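# A look at the structure
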Amino acid sequence: MDELIDAGYRVRCAVRATSDLRWLEGKPVELMEADLAEGDLETVVADIDVTFHVAGLTRGSAAVLERANVVTTRRLVEALLVTGDQHRLVFCSSGAAAGPGTFERPRALEDEPAPTSDYGRSKLAAEGILREAGGGLRATIVRPLAVYGPRDQDTLPVFQMAARGLALVPGLRRRRVQLVHGRDVASALRLAAETPEAIGRTFFVGHPELPVWPEVITALREAVGRRVLALPLPSPAVLAAGVVSGLFAGAKPGRLDLRRARDMVARAWTADVSETLRVLRWSPVYDVRFGFRHTVRWYLEEGWL
């Protein structure tokens, strides 16, 4: 939203009756209450040039994820097609829809998708709805990798633990993780809407650097400004922790669950972003060291650390 406002867009936000609106307070945006699963979406998208579909859930049962990520996408696409105005739709999917890469080779766009979780499968199914719409919908799919940054609560526990001097390293083998700052994701979404060549295409979004975990720990140390002890945990221990935490913590943001534990022990959540850099002319600002420092500074200012 901030990315669009800064770029001069007039912004309409579809929100739920229960939505947390604290980040919208004082912003020049039009708010329209809507239930994506059951409400009148044709009114929401009326007179709109570009729709950014960034709503969804990352946690929950297969049925809950189906409703939140697939049903809502189908209803939104149907509403856009009814308007007949050749809308531009930018869908924020996830790298989970494609599945992990390997330690030696990032996942490529042409690789057959291999999601490893109900969340990833729900996002892949939502992508399929866009593709089935064909030429009647000028859509672009964006698949962010591991997103972090200001306002994010899912990665907050990692920074909180580092601020106390400890970092858990998943698995005993070397692993890679491809990170991307939330503001860089926002710029990629905007560019996807503004680039004619992006219509009908899919793009991975992650910083081109592919750090191994020791490099991530080094960036954490620099960001929190103290020594951080790296504690490697065998993969079975990570998975067991995910099961236990999922049972007692439920779907709370930032809590470890089995899906996230499985993601953590994968050798490499990485993807080839060369087409994103080339076609969208996307230039991410935040590498892991700068991005972590920026995030910690924001957390401190907000009292989250």
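Now for the pairing of strand β1 (residues 11-15). Side chains of β1 alternate between two faces, with V11, C13 and V15 buried and R12 and A14 left unburied. Looking at chain direction, β1 and strand β2 (residues 29-33) are connected through five bridges and run parallel. Across the sheet, residue A14 finds its bridge partner in β2, namely M32.

Another aspect to go through is the pairing of strand β10 (residues 202-205). The alternating pattern of β10 places T202 and F204 on one face and F203 and V205 on the opposite face, and all of these are buried. As defined by bridge partners, strand β5 (residues 138-144) adjoins β10 across four bridges and the pair is classed as parallel. Its bridge partner lying in β10, I141 is registered against T202.

For the rest of this paragraph, the subject is the side chain of K123. Locating K123 in the fold gives a position in helix α4 (residues 118-133). Here K123 occupies a buried position and makes no salt bridge, while the nearest side chain of opposite charge, E127, is found at 8.1 Å. In this structure the side chain of K123 is engaged in a polar contact, spanning 3.1 Å, whose partner is the backbone oxygen of C92.

With that settled, the discussion passes to the sheet that holds strand β4 (residues 88-92). Reading across from one edge, β3-β4-β5-β10 is the order of the four strands in this open sheet, with parallel pairing throughout. Lying at the two open borders of the sheet, with one neighbouring strand each, are β3 (50-53) and β10. Pairwise comparison of adjacent strand axes, ignoring direction, gives a mean angle of 20 degrees for this sheet. Note: β4 against β5, five bridges, orientation parallel. Among the inter-strand pairings, R88 is bridged to a residue of β5, identified as R138. Running at roughly 160 degrees to β5, α4 makes contact with β4, β5 and β10 of the sheet.

Thresholds, definitions, all that
- Residues numbered from 1 in each chain as written.
- Predicted model: local features only at pLDDT ≥ 70, side-chain atom pairs only at ≥ 80, totals over all residues.
- Heavy atoms only, no water.
- Buried < 20%, exposed > 50% of the residue type's maximum accessible area, 1.4 Å probe, protein only.
- Helix = DSSP H or I, 4+ residues; strand = E, 2+ residues; numbered from the N terminus.
- Pairing = 2+ DSSP bridges.
- Lys, Arg positive; Asp, Glu negative; His and termini not counted.
- Salt bridge = Lys/Arg side-chain N within 4 Å of Asp/Glu carboxyl O.
- Polar contact = N/O pair within 3.5 Å; in protein donor to acceptor, adjacent residues only side chain to side chain.
- Axes fitted to C-alpha atoms, helices over the stretch in contact; angles between N-to-C directions.
- Contact = heavy atoms within 4.5 Å.

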